[in-house]
Amino acid sequence: MRRFYFDPQTRNGDEVSLSDEESHHIVKVLRLSAGEHVELLDGQGAVFRAVIVGTGRRVALRIEGIAATAPEPDKTLRIGQGILKGDKMDTVVQKCTELGVSRFTPFHSSRCQGKLDPVQSRKKQERWQRIGLEACKQCLRLRVPHLDGPVSYGELLQGKAMENDQSLRLLFWEEEKELHVRDLPEIGAAPSVFLLLGPEGGFTHEEVELARAAGFRTVSLGERILRAETASLTAVAIVQFLAGNL
Ligand code: SAH
């Protein structure tokens with residue numbers, strides 16, 4: 001069954017209308033018409049059965065029942081990712097969504113290349129949100145990850161939310177020679193885990209010290225220096241495996 005996203009805030013009783021983008025897909029690409037059945041994803045853990053009732057610029061549907069629900073995850077994984085060049089962030093957002101990341105926070109740090117102005121930041125955030133949503137539809141994930149707008153490294157470490165956050169905190173660093181991620185069995189017991197991964201140029205020593213002061217432990221992925229996007233996906237896959245989320 002075809003699956004589309006709707007914003008639960010726009011729901012009016014059993015009536016739902018879709019965004020321009022989802023409507024375009026239904027009407028122009030798939031050429032579905034009134035009376036046809038689809039599934040509607042609310043991004044918050046539920047999928048509904050629905051029937052198309054109108055195919056204007058914004059497709060209208062009537063919800064007929066619940067098709068599936070997903071429980072709240074008992075463990076959450078948050079990623080802080082140094083902003084990468086070109087479309088590499090798109091890839092990391094897509095794969096992290098498939099791998100079950102709950103929250104994704106892009107950050108600027110001193111070795112990030114190119115700075116985003118506020119308009120570019122907003123556009124990028126919207127783009128990453130769309131990519132996360134599409135990845136959810138494709139992999140049948142019911143909860144859309146929370147995609148933050150880009151923040152500075154300082155904001156990421158000092159935010160109010162960090163003070164109350166009890167997550168196990170790990171910074172992946174190629175210069176860490178003692179602690180390998182496989183030697184952290186506590187990942188299995190932690191209710192939430194927060195990972196930091198650097199941009200192409202990596203972290204400066206000063207940035208590593210700032211993270212340590214904020215409660216992060218530095219961990220290694222082995223001898224080889226991995227490309228940033230390889231490191232991120234490897235780190236997420238290993239942590240999700242150790243956490244029993246894969
Ligand atoms: N500063 C380095 C490489 C940075 S790699 C240089 O330019 O030579 C980009 C990011 O991938 C790093 O910031 C780190 O978070 C992660 N990374 C790459 N290889 C790693 C490894 N072997 N162990 C842990 N993290 C690694």
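Residues numbered from 1 in each chain as written. Predicted model: local features only at pLDDT ≥ 70, side-chain atom pairs only at ≥ 80, totals over all residues. Heavy atoms only, no water.

1. As for the pattern of salt bridges
When their charged atoms lie close together, side chains carrying opposite charge are able to pair. Under the defined criterion, the tally for this structure stands at 17 salt bridges. Across the pair Arg127 and Asp90 runs a salt bridge whose closest N-O atoms are separated by 2.5 Å. In this pair, Arg127 is assigned in helix H3 (residues 118-139) and Asp90 in helix H2 (residues 88-98), connecting sequence segments 37 residues apart. When the shortest N-O distance is used, the salt bridge between Arg212 and Glu209 registers 2.8 Å. In this pair, Arg212 and Glu209 are both assigned in helix H6 (residues 205-213), three residues apart and thus about one turn of the helix distant. When its relative accessible area of 44% is taken as the criterion, Glu209 is described as partly exposed. What emerges from the salt-bridge pattern is a single network uniting Asp20, Arg57 and Arg58. (Salt bridge = Lys/Arg side-chain N within 4 Å of Asp/Glu carboxyl O. Helix = DSSP H or I, 4+ residues; strand = E, 2+ residues; numbered from the N terminus. Buried < 20%, exposed > 50% of the residue type's maximum accessible area, 1.4 Å probe, protein only.)

2. Remarks on the nonpolar core
For soluble globular proteins, the rule of thumb is that nonpolar side chains tend to be buried together. Counting residues in each nonpolar core, the largest one holds 34 residues, and the members touching the most others are Ile79, Leu170, Phe172 and Leu195. At the level of elements, strand S6 (76-82), H2, H3, strand S10 (168-172), strand S11 (192-197) and helix H7 (228-242) are the ones that each hand at least two residues to this core. If near-sequence neighbours (up to four positions away) are discounted, Leu170 is found in contact with Leu184, Ile187, Val193, Phe194, Leu195, Leu196, Phe216, Arg217 and Val219. By size, the runner-up hydrophobic cluster in this structure holds 15 residues, among which are Phe6, Ile26, Val38 and Ile63. (Core = buried A, V, L, I, M, F, W, Y, C linked by side-chain atoms within 4.5 Å. Contact = heavy atoms within 4.5 Å.)

3. Let's talk about the packing of aromatic side chains
Tallying each qualifying case throughout the model produces five aromatic pairs. On the numbers, 5.4 Å between centres and 50 degrees between planes, the contact of Phe107 with Tyr153 is tilted. Of the two residues, Phe107 is situated in strand S7 (residues 103-108) and Tyr153 in helix H4 (residues 153-158); the sequence distance between them amounts to 46 residues. The class for Phe107 is buried, based on a relative accessible area of 0%. Taking the relative accessible area as the measure of exposure, Tyr153 reaches 4% and is therefore buried. Seen in terms of ring centroids, Phe194 and Phe216 are 5.3 Å apart; in terms of plane orientation they differ by 70 degrees. Their pairing is edge-to-face. Remark: Phe216 occurs in the loop between H6 and strand S12 (217-219) and Phe194 occurs in strand S11; sequence separation between them is 22 residues. (Phe/Tyr/Trp six-rings, centres within 6.5 Å; stacked < 30°, edge-to-face > 60°.)

4. Comments concerning unusual backbone geometry
If a residue is not glycine, its phi is most likely negative; likewise, a peptide bond is most likely trans. Located in the positive-phi region is Arg31, a residue other than glycine, with phi close to 55 degrees. Summarising the element assignment, Arg31 is placed in the loop between helix H1 (20-29) and strand S3 (37-41). Judged by its relative accessible area of 65%, Arg31 is exposed. Within the chain, Leu140 stands out as a residue other than glycine whose phi angle is a positive 65 degrees. Within the secondary structure, Leu140 sits in the loop between H3 and strand S8 (146-147). Classification of Leu140 by relative accessible area gives exposed; the value is 56%.

5. Let's talk about H1
Along H1, the residues classified as buried are Glu22, Ser23 and Ile26. Along the long axis of H1, the arc covered by the buried residues comes to 100 degrees, so they all point the same way. Elements in contact with the buried residues of H1: strand S1 (3-5), strand S4 (46-55), strand S5 (59-69) and H3. Arg31 sits one or two positions beyond H1 and adopts a positive phi of about 55 degrees. (Arc of directions from axis to C-beta.)

6. With respect to the packing of H2 against H3
Axis angle and axis distance: for two packed helices, these are the angle between their axes and the distance between the axes, and together they describe the pair. Following both chains from N to C, one finds H2 and H3 inclined at 40 degrees, their axes separated by 8 Å at the closest point. By the angle class used here, H2 and H3 are oblique. The interaxial crossing formed by H2 with H3 has right-handed handedness. Residue-level contacts link Met89, Asp90, Val93, Gln94, Thr97 and Glu98 of H2 to Arg127, Trp128, Ile131, Gly132, Ala135, Cys136, Gln138 and Cys139 of H3. (Axes fitted to C-alpha atoms, helices over the stretch in contact; angles between N-to-C directions. Parallel < 35°, antiparallel > 145°, perpendicular 65-115°, else oblique. Left-handed = near helix turned anticlockwise from the far one by under 90°.)

7. Things to note about the site of the ligand
As a matter of local geometry, the ligand sits amid 19 residues, with Phe172, Leu221, Gly222, Arg224 and Leu226 nearest to it. Gly198 places a main-chain nitrogen or oxygen 3.1 Å from an oxygen atom of the ligand. Contact distances for the ligand include 2.8 Å between a nitrogen atom and a backbone N or O atom of Arg224. With the chains in place, 85% of the 560 Å² that the ligand exposes on its own is no longer accessible. When grouped by side-chain class, the residues that make up the shell around the ligand number 11 nonpolar, five polar and three charged. (Near = heavy atom within 4 Å. Polar contact = N/O pair within 3.5 Å; in protein donor to acceptor, adjacent residues only side chain to side chain. Areas by Shrake-Rupley, 256 points an atom, 1.4 Å probe, with all protein chains shown as cover. Nonpolar A, V, L, I, M, F, W, Y, C, P; charged D, E, K, R; others polar.)

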